[in-house]
Amino acid sequence: MSDDYYLNVLHDENNFKLIRKLSVDEYDKFNKASVFMQKLNVKLYFFRMVDYSYIELKNFEKAYNDNINYYPLSVNINEIIFIFFKLLNDYLSSVTLFLNQYEVNVKRDYEKKLVDEFNELRNNLHYEHLSYRIIYELQNEVRHSKIPDFTIKATRSGFLKPLEAKFYIKKDYLNIRKLKNDAEFQESDDLIDIYKHMENMNSYLLELAGKILKYELDLHLDYYEFLKSLINEVDIEGEVCVMKYNEFSEVKIQPSITFIDKRFIELIDKIKMYKDVL
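Residues numbered from 1 in each chain as written. Predicted model: local features only at pLDDT ≥ 70, side-chain atom pairs only at ≥ 80, totals over all residues. Heavy atoms only, no water.

Enquirer: Sorry, what's going on with the overall build of the protein here?
Expert: Scanning the protein from N- to C-terminus turns up 10 helices and 7 strands. Viewed in the frame of its principal axes, the protein has a C-alpha envelope of about 70 × 55 × 35 Å. Put simply, the protein has 278 residues, and 42% of those count as buried. The contacts in the protein between residues at least 6 apart in sequence include a share of 71% that link residues at least 24 apart. With the model as given, the accessible surface of the protein reaches about 16,100 Å², and the carbon-plus-sulfur share is 50%. Placing the 39 positive and 47 negative side-chain charges of the protein at their respective mean positions leaves the two points 3 Å apart. (Helix = DSSP H or I, 4+ residues; strand = E, 2+ residues; numbered from the N terminus. Buried < 20%, exposed > 50% of the residue type's maximum accessible area, 1.4 Å probe, protein only. Contact = heavy atoms within 4.5 Å. Areas by Shrake-Rupley, 256 points an atom, 1.4 Å probe, with all protein chains shown as cover. Lys, Arg positive; Asp, Glu negative; His and termini not counted. Charge placed at Lys NZ, Arg CZ, Asp CG, Glu CD.)

Structure below.
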């Protein structure tokens, strides 16, 4: 019984579009690349959670701004605050997981040189950047203290411009513990622009994730490039996959399907673009 391997794309719920047949060597490389990328995916899970949570917050901010401009009577401010805090808590929890789990995973999986470089980078980011310290202390307070005091301010940049709302946390909420003696924090405004500091924090976490990504891609860059080349062969929207058939598949045996995680490839590209990983 012979096997055939095809590059396909699932372009709606039930319909596949055949792209081309793969050679046996290509399929063998695809299998090895898939195993490597899945292991790397697991290593970057917690950064993916941070990135996903932040995107949810940005989408929420956009939806709120659309509502106050086009459907102001539908805005329930108590519900808005509740949803914002829920999404913020998800984000802060993912940051905590990222930092804690990476410390464990780096120590467990990598040589001492990389461990030392990772810890030095993390400490430097904390020391050099106020946003890092604000987000770090905020997640500490949310976990161990009370709900922050939120303020929403809506302004216009011009007479005919739409309202633009921003979410703030009152400075006094964080004016305790380490930040109480932080000179840069003491010079900041009484209202903390939380989205600005989350965006900055994400850039620092990108650097930490990039440290791991560089090490892994230095070992198997060819696997990443091979999977990306397969994705680039597909010119229609959908989920890219490889399907394995045998000569009896149409009547007896269902084809096996392995999807390529395009979103993870895009995340790797995002990390690579931010810092020159390779």
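Enquirer: What should I look at first to understand the nonpolar core in this one?
Expert: The tendency in soluble globular proteins is for nonpolar side chains to be buried side by side. Residues Tyr91, Phe98 and Ile194 are the most contacted members of the largest nonpolar core, which totals 79 residues. It is helix α9 (residues 194–232) that contributes the most residues to this core, 18 residues altogether. What Tyr91 contacts, discounting residues up to four positions off in sequence, is Val50, Ser53, Tyr54, Leu57, Ile135, Met198, Met201 and Asn202. (Core = buried A, V, L, I, M, F, W, Y, C linked by side-chain atoms within 4.5 Å.)

Enquirer: Looking at this model, I keep getting lost on unusual backbone geometry. Mind explaining?
Expert: For residues besides glycine, phi is generally negative; the peptide bonds are generally trans as well. Residue Arg177 is not a glycine yet carries a positive backbone phi of 50 degrees. Looking at where Arg177 falls in the secondary structure, it is placed in helix α7 (residues 177–180). Classification of Arg177 as partly exposed rests on a relative accessible area of 48%.

Enquirer: Which parts of the structure should I look at to understand the pattern of salt bridges?
Expert: Pairing is possible between side chains of opposite charge, provided their charged atoms come close. For the structure on display, the rule yields 23 salt bridges. Notably, a salt bridge pairs Asp66 with Lys62, separated by 3.1 Å at the nearest N-O pair. Of this pair, Asp66 and Lys62 both sit in helix α2 (residues 45–70), 4 residues apart, which is roughly one turn of that helix. Take Asp66: its relative accessible area is 30%, and that puts it in the partly exposed class. Lys62 sits in the exposed class, given a relative accessible area of 52%. Asp269 is the salt-bridge partner of Lys228, the closest N and O atoms lying 3.1 Å from each other. Separated by 41 residues along the polypeptide, Lys228 in helix α9 and Asp269 in helix α10 (residues 262–274) bring together distant segments of the chain. Salt bridges sharing common partners tie together Arg20, Glu26 and Glu233. (Salt bridge = Lys/Arg side-chain N within 4 Å of Asp/Glu carboxyl O.)

Enquirer: It is not clear to me how the environment of Met201 should be interpreted in this structure. Could you clarify?
Expert: Tracing the backbone shows Met201 in helix α9. By relative accessible area, which is 0% here, Met201 ends up buried. Between the C-alpha atoms of Met201 and Leu130, which are 71 residues apart in sequence, the distance is 9.3 Å. Excluding anything up to four places from it in sequence, Met201 contacts Tyr91, Val95, Leu99, Ser131, Tyr132 and Ile135.

Enquirer: What exactly am I supposed to notice about the sheet that holds strand β5 (residues 191–193) here?
Expert: Sheet strands associate in pairs through backbone hydrogen bonding, adopting either a parallel or an antiparallel arrangement. Read from one edge of the open sheet, 3 strands run β3-β4-β5, paired in antiparallel fashion. Where the open sheet ends on each side, the last strands, each with one partner, are β3 (150–155) and β5. Each strand axis lies, on average, 45 degrees off the axis of its neighbour in the sheet, ignoring direction. Sheet topology note: the strand β4 (residues 164–170)/β5 ladder contains 3 bridges and is antiparallel. When the sheet's bridge partners are listed, Lys170 is paired in β5 with Leu191. (Pairing = 2+ DSSP bridges. Axes fitted to C-alpha atoms, helices over the stretch in contact; angles between N-to-C directions.)

These values are about where atoms sit, not about what they do.
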